[in-house]
Amino acid sequence: MSAKQIKFYQQKIIPLIGSLVTMVVLWLAASTHALAIASLDYNPWEALQLPTTSTILDISFIDANHGWLVGADATLMETRDGGRTWEPRTLVLDNPAYRFNSISFKGNEGWIVGEPPIMLHTQDGGQSWSQIPLSPKLPGAPRLVTALGPGQAEMMTDVGAIYRSQDGGKNWQALVQEAIGVMRNLNRSASGEYVAVSSRGSFYSTWQPGQTAWEPHNRTSSRRVHNMGFTPEGKLWMIVNGGKIAFSDPNNPEDWGELLSPLRRNSVGFLDLAYRTPNEVWLAGGSGVLLCSRDGGQTWQQDVDMKQVPSNFYKILFFSPEQGFIIGQRGILLRYVSSLQ
């Protein structure tokens, strides 16, 4: 390289490269800031490691202190201190590999359902359990049970068959004429409405008390639906693939508006959403992602402390504004310990 070429390189090329590097750094900084969301200034969750590595699937409480949880491998645990500690309980069953999908109490009367098809019933707060025979013609496996009152319960299978018993489980009345097929997720509102997402996430179905059949609905975008549920005022919420959520219009259930991106990027999949209060919403997902909204889902903050928990967060349950749990994997459970400051 000649002296003239070296001088040109020093005067023209090096400053140009420097300017380009500066522009790239500034662009990356601006992009990172745009993608970032604010962090919560206070973490209200305590991470617990339960004495099991089996998958936990559901929790129910008799009162603020006395509760039960169930899961895979016939997992059954009891707490008498509000969920601070949990003690395993063993049942004598013909199959130790039962998957207990759901548990529900109303007072001291409780129900457990699971698969292969099984139903358990207690009337003394879980101190003793009896197995209730289920018909071999039952469509699908029991997926969800809801205790309604003395001797009364509602059961739903994984293909959308809904039944109700008024006599302690001796007889079950079908509430829908036919099932809808295998479902990915389902939720029941406090008033007895159901929403269910198809196994492929291509459509969802709703049912209200008094209807004889499910009402199918097409998904609202090209993204597959993962999970759905009910807001405190009766609207529907929806989680779709790609880290996006939506809320239905209370005056027009078919109108969902635009998809929202709480984390401002599409790399994280959300798994469940739940309301602690009418305005405070929690959103959980994979890789320890946990977000909170204090304005009904319009803006979000991230609980960065929970990123240190080595777990996906599958299910959020609030039994009151001051008592809640988030179910993780391999026996990890988050317990709500205090309101946000």
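Source: prediction; values computed, not measured.

Novice: Break down the overall build of the chain for me, citing the residues and quoting the values.
Specialist: A count of helices and strands for the chain gives one helix and 27 strands. The 341 residues of the chain split such that 49% are buried. On the chain, roughly 16,700 Å² of surface is accessible, and the fraction owed to carbon and sulfur atoms is 51%.

Novice: Mind laying out the sheet that holds strand β5 (residues 87-88), listing which residues take part and the relevant values?
Specialist: Across the sheet, which stays open at both edges, the four strands sit in the order β2-β3-β4-β5 with antiparallel pairing between neighbours. The strands lining the two open edges of the sheet, one partner per strand, are β2 (56-61) and β5. Sheet topology places β2 next to strand β3 (residues 67-71); five bridges connect them, and they run antiparallel. Paired with Phe61 across the bridge in β3 is Gly67.

Novice: Lay out the nonpolar core with the relevant residues and their values.
Specialist: Core analysis: the largest hydrophobic core is formed by 16 residues, its most contacted members being Trp45, Trp282, Leu290 and Phe313. Looking at this core, the elements with two or more residues in it are β22 (281-285), β23 (290-293), β25 (315-320) and β27 (332-336). A per-element tally of this core places β27 first, with three residues. Sequence-distant contacts of Leu290, defined by excluding residues within four places in its chain, comprise Trp45, Trp282, Leu283, Ala284, Gln301, Gln302, Asp303, Met306, Phe313, Ile326 and Leu334. Ranked by size, the runner-up nonpolar core spans 15 residues in total, among them Trp237, Ile239, Phe270 and Trp300.

Novice: Explain the pairing of strand β21 (residues 270-275) residue by residue, including any values.
Specialist: By the criterion of burial, β21 is predominantly enclosed, with six of the six residues buried. Pairing between β21 and β22: five bridges, direction antiparallel. Along β22, the bridge assignment pairs Leu273 with Leu283. Linking β21 to β22, which pair antiparallel, is a turn of five residues.

Novice: How would you summarise the sheet that holds strand β17 (residues 215-218) if you had to cite specific residues and measurements?
Specialist: Strand order in the open sheet formed by four strands is β14-β15-β16-β17, and the pairing between neighbours is antiparallel. Two strands close off the open sheet at either side, each with one partner strand: β14 (183-188) and β17. Pairwise comparison of adjacent strand axes, ignoring direction, gives a mean angle of 20 degrees for this sheet. Judged from the four bridges that link them, strand β16 (residues 203-207) and β17 form a sheet pairing that is antiparallel. Bridging across to β17, Tyr204 finds its partner in His217.

Novice: Mind laying out unusual backbone geometry, listing which residues take part and the relevant values?
Specialist: Note that the residue after Glu115, namely Pro116, is joined by a cis bond; omega there is -10 degrees. The phi torsion at Ala74 lies on the positive side, around 55 degrees, for a residue other than glycine. Mapped onto the elements, Ala74 comes out in the loop between β3 and β4 (75-79). We note that Ser287 has phi near 55 degrees; this positive angle belongs to a residue other than glycine.

Novice: Please set out the pattern of salt bridges residue by residue, giving values where relevant.
Specialist: A full pass over the atoms with the stated rule returns 10 salt bridges. The closest approach of N and O atoms between Arg294 and Asp41, which form a salt bridge, is 4.0 Å. You can see Arg294 sitting in the loop between β23 and β24 (301-302) and its partner Asp41 sitting in the loop between α1 (3-35) and β1 (45-49), a full 253 residues away along the chain. Note on Asp41: relative accessible area 64%, which makes it exposed. When the shortest N-O distance is used, the salt bridge between Glu233 and Lys235 registers 3.8 Å. Looking at Lys235, the relative accessible area reads 18%, which means it is buried. Among the charged side chains, a salt-bridge network with shared partners connects Glu78, Arg80 and Arg89.

Quick notes on the rules
- Residues numbered from 1 in each chain as written.
- Predicted model: local features only at pLDDT ≥ 70, side-chain atom pairs only at ≥ 80, totals over all residues.
- Heavy atoms only, no water.
- Helix = DSSP H or I, 4+ residues; strand = E, 2+ residues; numbered from the N terminus.
- Buried < 20%, exposed > 50% of the residue type's maximum accessible area, 1.4 Å probe, protein only.
- Areas by Shrake-Rupley, 256 points an atom, 1.4 Å probe, with all protein chains shown as cover.
- Pairing = 2+ DSSP bridges.
- Core = buried A, V, L, I, M, F, W, Y, C linked by side-chain atoms within 4.5 Å.
- Contact = heavy atoms within 4.5 Å.
- Axes fitted to C-alpha atoms, helices over the stretch in contact; angles between N-to-C directions.
- Salt bridge = Lys/Arg side-chain N within 4 Å of Asp/Glu carboxyl O.

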